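# Structure at a glance
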Amino acid sequence: MNITNSSSTATATSLYIFFIDSSVMNYVVTINALICSELIGLLGIVANIINIFNFKRQGFQDGVNVTLFSLALCDTGALLAQQLSNILISPWVGEYDLFMLKSHLFVLTFYVNGYFIRVSGVLTSFLTFERCLCVVWPLKVKRVLTTRTAIVVNTVTASVFILYLVPPFSVTTIDWMLVPTLNKSILALQFKSNRHSVMTIYYFIADQFVPYATILLLILCTITIVTKLRSKLKWRQSTSSAGGGASGSVTNKEGKVVTMLINISVIFIICLLPQSTLNTAMGFVPGLKVDGVYFNIFKLCYSFTSLLETVNCSVSILVYYKMSTKYRQEFWTLFHPLTCIKNLSLRFF
């Protein structure tokens with residue numbers, strides 16, 4: 001077992017100075033994590049709680065609502081873990097100020113956040129895959145993709161991805177570590193001898209295969225949906241005898257569907273691909289890990305990638321509100337005291 005001690009931490013800290021100026025590091029992390037990410041994250045938590053109540057009020061007769069409800073739960077969990085991670089990478093919290101080494105406590109919250117992000121990604125891909133099948137084989141698929149199917153898929157996904165947390169916690173233990181300079185003991189992670197062999201396989205599966213397979217599936221399904229909808233639209237336009245209002249209504253309706261799918265895909269890929277890339281780099285460069293000499297570089301990059309993840313988990317309410325009439329109706333039902341204000345504003349504007 002490799003025991004983490006104060007001397008190794010001090011050595012790593014001294015090496016960090018050669019790679020990143022501390023003032024630049026503190027400034028960037030403060031802006032990204034403690035201001036932007038925290039503020040967006042707090043708003044996102046409130047937004048996802050609204051989503052949870054909204055989809056619950058709509059009911060779960062539709063399998064899509066089941067998955068959207070689960071996505072709201074995952075995004076809430078990811079944002080809560082992210083809020084704690086932001087505090088832990090803050091330069092204003094010292095390494096020995098808490099009950100546990102700050103960097104080691106950050107690792108624990110990092111994996112918890114990663115669990116929710118991966119479940120959310122898989123559920124997003126499942127939702128897109130489900131819609132893709134409904135567009136390609138609308139009559140055949142409706143018999144299979146029922147509400148019960150959605151519940152089973154969501155439950156199994158959340159359960160199976162618990163395995164994501166097993167390898168990191170199986171190669172570490174938590175024990176007290178003496179800090180001679182402060183004359184105090186503090187909890188710290190202690191890494192077992194099989195850490196590198198286990199985590200090498202783990203990084204390949206959890207941080208390379210799963211994220212990139214999820215993104216690839218999302219891209220393929222989105223392209224298929226867009227292509228299929230456009231071909232159907234062209235066929236309807238060519239066979240339409242009137243060609244006027246009916247064609248225009250079809251164009252507007254299907255154009256909104258295409259736009260929504262493109263927006264979802266772009267938001268997902270832009271916001272989550274950088275973190276997947278950073279995780280991949282951590283698998284190839286051991287120095288980026290918590291006890292590595294490049295860990296400060298990882299923290300600097302993480303302040304940007306985590307901000308994007310926070311945005312991804314927070315903006316769904318805007319997409320739902322703009323694209324779904326039923327969502328808007330339930331939204332104003334939830335906030336019925338504000339309905340009068342809304343109606344009053346519509347009169348003046």
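Residues numbered from 1 in each chain as written. Predicted model: local features only at pLDDT ≥ 70, side-chain atom pairs only at ≥ 80, totals over all residues. Heavy atoms only, no water.

- As recorded by an unreviewed UniProt entry, the protein chain carries the name FMRFamide receptor-like and is attributed to Biomphalaria glabrata.
- Turning to the protein chain, the UniProt record has this under Subcellular location (unreviewed entry): "Membrane". (UniProt positions renumbered as here; feature names shortened; annotations may be inferred.)

## Regarding the nonpolar core
- With 51 residues, the main nonpolar core has Phe106, Tyr111 and Phe298 as its most contacted residues.
- Broken down by element, this core gets its largest block of residues, ten residues, from helix H4 (residues 102-136).
- The contact partners of Phe106, leaving out residues within four places of it in the chain, are Ser85, Leu88, Ile89, Phe295, Phe298 and Tyr302.
- Core analysis: the next-biggest nonpolar cluster, separate from the first, contains ten residues, Ile117, Leu218, Phe268 and Leu272 among them. (Core = buried A, V, L, I, M, F, W, Y, C linked by side-chain atoms within 4.5 Å. Buried < 20%, exposed > 50% of the residue type's maximum accessible area, 1.4 Å probe, protein only. Helix = DSSP H or I, 4+ residues; strand = E, 2+ residues; numbered from the N terminus. Contact = heavy atoms within 4.5 Å.)

## Considerations on a nonpolar patch on the surface
- Where nonpolar side chains cluster on the molecular surface, the patch consists of Val152, Val156, Val160, Leu163 and Val166 and spans about 430 Å² of accessible area.
- Sort the elements by how many residues they give to the nonpolar patch and helix H6 (residues 147-160) lands first, with three residues.
- Inspection of the secondary structure assignment puts Val166 in helix H7 (residues 166-170). (Patch = residues over 30% accessible without salt bridge, like charges linked within 9 Å, V, L, I, M, F, W, Y side chains within 5 Å. Areas by Shrake-Rupley, 256 points an atom, 1.4 Å probe, with all protein chains shown as cover. Salt bridge = Lys/Arg side-chain N within 4 Å of Asp/Glu carboxyl O.)

## Section: the side chain of Glu130
- Positionally, Glu130 belongs in helix H4.
- Despite its burial, Glu130 pairs with no opposite charge; the closest candidate is Arg131, at 6.3 Å N-O.
- Apart from residues lying up to four places away in sequence, Glu130 is in contact with Val64 and Leu145. (Lys, Arg positive; Asp, Glu negative; His and termini not counted.)

## Section: unusual backbone geometry
- In this structure, Asn183 takes a positive phi of about 55° despite not being glycine.
- Its place among the elements puts Asn183 in the loop between strand E1 (172-179) and strand E2 (184-191).

## Concerning the packing of helix H3 (residues 63-88) against H6
- One way to put it is that H3 packs onto H6 with a least axis distance of 7 Å and a crossing angle of 25°. Compared by their axis directions, H3 and H6 come out roughly parallel. In this structure, H3 meets H6 at a crossing whose hand is right-handed. Two secondary-structure elements touch here, H3 through Gly63, Val66, Thr67 and Ser70 and H6 through Thr147, Ala150, Ile151 and Asn154.
- A breakdown of the residues in the contact of H3 with H6 according to their chemical character gives three nonpolar, five polar and no charged. (Axes fitted to C-alpha atoms, helices over the stretch in contact; angles between N-to-C directions. Parallel < 35°, antiparallel > 145°, perpendicular 65-115°, else oblique. Left-handed = near helix turned anticlockwise from the far one by under 90°. Nonpolar A, V, L, I, M, F, W, Y, C, P; charged D, E, K, R; others polar.)

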